[in-house]
Amino acid sequence: QVQLVESGGGLVQAGGSLRLSCAASGRTFSSYDMGWFRQAPGKEREFVSAIGRKDGNILYADSVKGRFTISRDNAKNTVYLQMNSLRPEDTAVYYCAARSLGRGWFARSDYDYWGQGTQVTVSS
């Protein structure tokens, strides 16, 4: 099992940047694939990015390619999401997710553990 805690959300103007962090508990962080999802009010939770346990797989939703960067530091049990050139449509609650095994990357059901989320608000 793993517990996830997100941080780094906040209010930023369009064009600005934020860096989200997800700290994981436990001793087996390096065994987990990690992902970021986001959910706006009244919308489905959607895939944002993922990084494999060995950094061999890095994936981004088309909507964030070229703007967001995912990374992980296994020594610190932490995954990051650097968000640049933010747009109002990026406004959402951002969730960190983890899984020890899975057949896919993009679906909510592909992940086993979830943080409580951190709010990101982008104003125009």
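Procedures and definitions
Residues numbered from 1 in each chain as written. Predicted model: local features only at pLDDT ≥ 70, side-chain atom pairs only at ≥ 80, totals over all residues. Heavy atoms only, no water. Helix = DSSP H or I, 4+ residues; strand = E, 2+ residues; numbered from the N terminus. Rg over C-alpha atoms; globule rule 2.2 N^0.38 Å. Contact = heavy atoms within 4.5 Å. Areas by Shrake-Rupley, 256 points an atom, 1.4 Å probe, with all protein chains shown as cover. Salt bridge = Lys/Arg side-chain N within 4 Å of Asp/Glu carboxyl O. Buried < 20%, exposed > 50% of the residue type's maximum accessible area, 1.4 Å probe, protein only. Disulfide = S-S within 2.5 Å.

**Brief notes about the overall build of the chain**
- Helix and strand counts for the chain stand at zero helices and eleven strands.
- Listing each helix as α and each strand as β along the chain from the N terminus yields β-β-β-β-β-β-β-β-β-β-β.
- Against the compact-globule benchmark of 14 Å for 124 residues, the chain has a radius of gyration of 13 Å, which places it among compact chains.
- Overall, the chain is about 40 × 25 × 25 Å in size when its C-alpha atoms are taken along their principal axes.
- Pairs at least 24 residues apart make up 58% of the contacts formed inside the chain by residues separated by at least 6 positions.
- As displayed, the chain has an accessible area near 6,600 Å², and 45% of this comes from carbon and sulfur atoms.

**Comments concerning the pattern of salt bridges**
- With the rule as written, the count across this model stands at six salt bridges.
- The closest approach of N and O atoms between Asp90 and Arg67, which form a salt bridge, is 2.8 Å. Of the two residues, Asp90 sits in the loop between strand S8 (78-83) and strand S9 (92-99) while Arg67 sits in the loop between strand S6 (58-60) and strand S7 (68-73), which places them 23 residues apart along the sequence. You'll find Asp90 and Arg67 in the same group, each marked buried.
- Among the ionic contacts, a cluster of salt bridges with common partners joins Arg38, Glu46, Arg67 and Asp90.

**Focus: unusual backbone geometry**
- Notably, Asn77 is not glycine yet its phi reads approximately 55 degrees, a positive angle.
- For Asn77, a relative accessible area of 18% corresponds to the buried category.
- Positive phi values are uncommon outside glycine, yet Ser85 reaches one of about 50 degrees.
- The residue Ser85 is located in the loop between S8 and S9 in this model.

**Overview of the state of the cysteines**
- A full pass over the atoms with the stated rule returns one disulfide.
- Disulfide partner of Cys22: Cys96, at an S-S distance of 2.0 Å. The sign of the -80 degrees torsion about the S-S bond sets the Cys22-Cys96 disulfide as left-handed. With Cys22 in strand S3 (residues 18-24) and Cys96 in strand S9, this pair connects stretches of sequence that are 74 residues apart.

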